[in-house]
Amino acid sequence: VATGEMGQQPKIIIWESTTMKIVQTLSSSDGHQRGVSRLAFSPSGTVLASIGLDKQHTMILYNWKKGVQLVKYPTGLNRVFGLSFQPDISLPLDDTRLVTCGKCHLTFWVRYTTDTISPRAGKFGSLAGKKCSVIDLCFDFAGRTIGGTSLGHIGVWPPKDNDSTMQPLKNGSIKNAHDGPINSVCIVPGGTKMVSGGVDGMIKVWTCPTDLHNRIE
């Protein structure tokens, strides 16, 4: 378990989940400023990603066991609401791909070497220019990136290395999935069902086909 502090030079503390003993503390003058807003462990468990509350919402990746900072990169001026490592069915322990989402953006990140990372902006297709924010994200078994948006739509992006453009509404993405913003999307264990929750007070369950030619519905 990892937790992040608020403050001028906030620490990230990693705890042993059963005993709640501290196993590592990440803090340095070159770390985050103002606070830590998001944390995510990699599939292998060796890399910890974090987002800070500084003006540039800086992302830092750590080898947390060694207490070593691997990558530090500004994500931009827009707030970050979600951070997650992107799964790969063929490489289940892959630590090189992440996705962030937030105010008016969704970004794919690839770490080509240990200490470098490159962003690729997710495109919103027909929603471009409509100030669509992605509030939460998850991934299904087939590798699709699924985002709950501020406009009530569920955006769906193809698996890694494919086109980074959101699939069209009513033809891959789900138009008006909720009446108002969608606060949460979560994959049910197994990866073939997805649950969404919105400000409309509704919780909905969606089927995620493993065949990419079939749509989530």
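To start, this report covers the structure provided alongside it. Along each chain, residues carry numbers from 1 onward, in the same order as the chain's sequence is written. For a predicted model such as this one, the threshold for reporting local features is a pLDDT of at least 70, and the threshold for listing and counting side-chain atom pairs is 80 or more; totals across whole chains, interfaces and linings nevertheless cover every residue. As a rule here, side-chain values come from all non-hydrogen atoms in the structure, and water together with hydrogens is ignored.

**A few points about the packing of aromatic side chains**
Quick reminder of the rule: Each Phe, Tyr or Trp ring, with Trp reduced to its six-membered ring, pairs with another whose centre is within 6.5 Å; inter-plane angles below 30 degrees give stacked pairs, above 60 give edge-to-face pairs, and intermediate values give tilted ones. In DSSP terms, a helix is any run of H or I states spanning at least four residues, a strand is any run of E spanning at least two, and both are numbered starting from the N terminus. Partly exposed describes any residue whose relative accessible area lies between the buried limit of under 20% and the exposed limit of over 50%, with all areas from a 1.4 Å probe on protein chains only and scaled to the type maximum.
For the structure on display, the rule yields 3 aromatic pairs. Between Y73 and W109 the ring centres are 5.4 Å apart and the planes differ by 75 degrees, which places this aromatic pair in the edge-to-face class. With a gap of 36 residues between them, Y73 in strand 7 (residues 68-74) and W109 in strand 10 (residues 105-113) connect regions that are remote in the sequence. The buried category is assigned to W109, whose relative accessible area is 2%. Ring plane angle 90 degrees and centroid distance 5.7 Å describe the contact between F124 and W157, whose orientation is recorded as edge-to-face. One end of the pair, F124, is in the loop between strand 11 (116-121) and strand 12 (134-139); the other, W157, is in strand 14 (residues 154-157), and 33 residues separate them in sequence. According to the relative accessible area criterion, F124 is buried, its value standing at 11%. On the accessibility criterion, W157 (0% relative accessible area) is buried.

**Some remarks on the sheet that holds strand 10**
Operational definition: A pair of strands is labelled paired if DSSP reports no fewer than 2 bridges between them. Comment: axis = line fitted to C-alpha atoms, over the contacting stretch for helices; angle = value between 0 and 180 degrees taken between N-to-C directions.
On the basis of which strands lie adjacent, the open sheet formed by 4 strands has the order 8-9-10-11 and antiparallel pairing. The sheet is open, and its two borders are formed by strand 8 (80-85) and strand 11, each paired with just one other strand. Going across the sheet, the axis of each strand differs from the next one's by a mean of 25 degrees, ignoring polarity. In the sheet, strand 8 pairs with strand 9 (residues 97-102) via 5 bridges, with the strands oriented antiparallel. Directly across from S84, in strand 9, lies its bridge partner V99.

**Some points on the pairing of strand 5 (residues 47-52)**
Consecutive side chains of a regular strand alternate in pointing toward one face of the sheet and then the other. Where burial is concerned, most of strand 5 is hidden: 6 out of the 6 residues are buried. As defined by bridge partners, strand 4 (residues 36-41) adjoins strand 5 across 5 bridges and the pair is classed as antiparallel. When the sheet's bridge partners are listed, L39 is paired in strand 5 with S50. The turn joining strand 4 and strand 5, which pair antiparallel and follow one another in sequence, is formed by 5 residues; a positive phi near 85 degrees is taken by G45. Alignment of strand 5 against strand 6 (residues 58-63), held across 5 bridges, turns out to be antiparallel.

**Observations concerning unusual backbone geometry**
The residue R34 is not glycine, and still its phi comes out positive at about 75 degrees. With respect to the helices and strands, R34 occurs in the loop between strand 3 (22-26) and strand 4. Accessibility expressed as a relative area gives 47% for R34, which makes it partly exposed. The phi torsion at H57 lies on the positive side, around 45 degrees, for a residue other than glycine. In this structure, H57 sits in the loop between strand 5 and strand 6. With relative accessibility at 10%, the residue H57 sits in the buried group.

**Notes on the side chain of T100**
Filter applied, for reference: Any N or O atom pair separated by 3.5 Å or less is treated as a polar contact, with the protein-specific requirement of one donor-capable and one acceptor-capable atom, and with residues adjacent in sequence counted only for side-chain atom pairs. Contacts between residues were defined by any pair of non-hydrogen atoms, one from each residue, lying within 4.5 Å.
Within the secondary structure layout, T100 lies in strand 9. Within the structure, T100 has its side chain in polar contact with the side chain of W109 (distance 2.9 Å). Not counting residues within four places of it along the chain, the set of residues in contact with T100 comprises I51, M59, V80, G82, L83, H105, L106, T107, W109 and L137.

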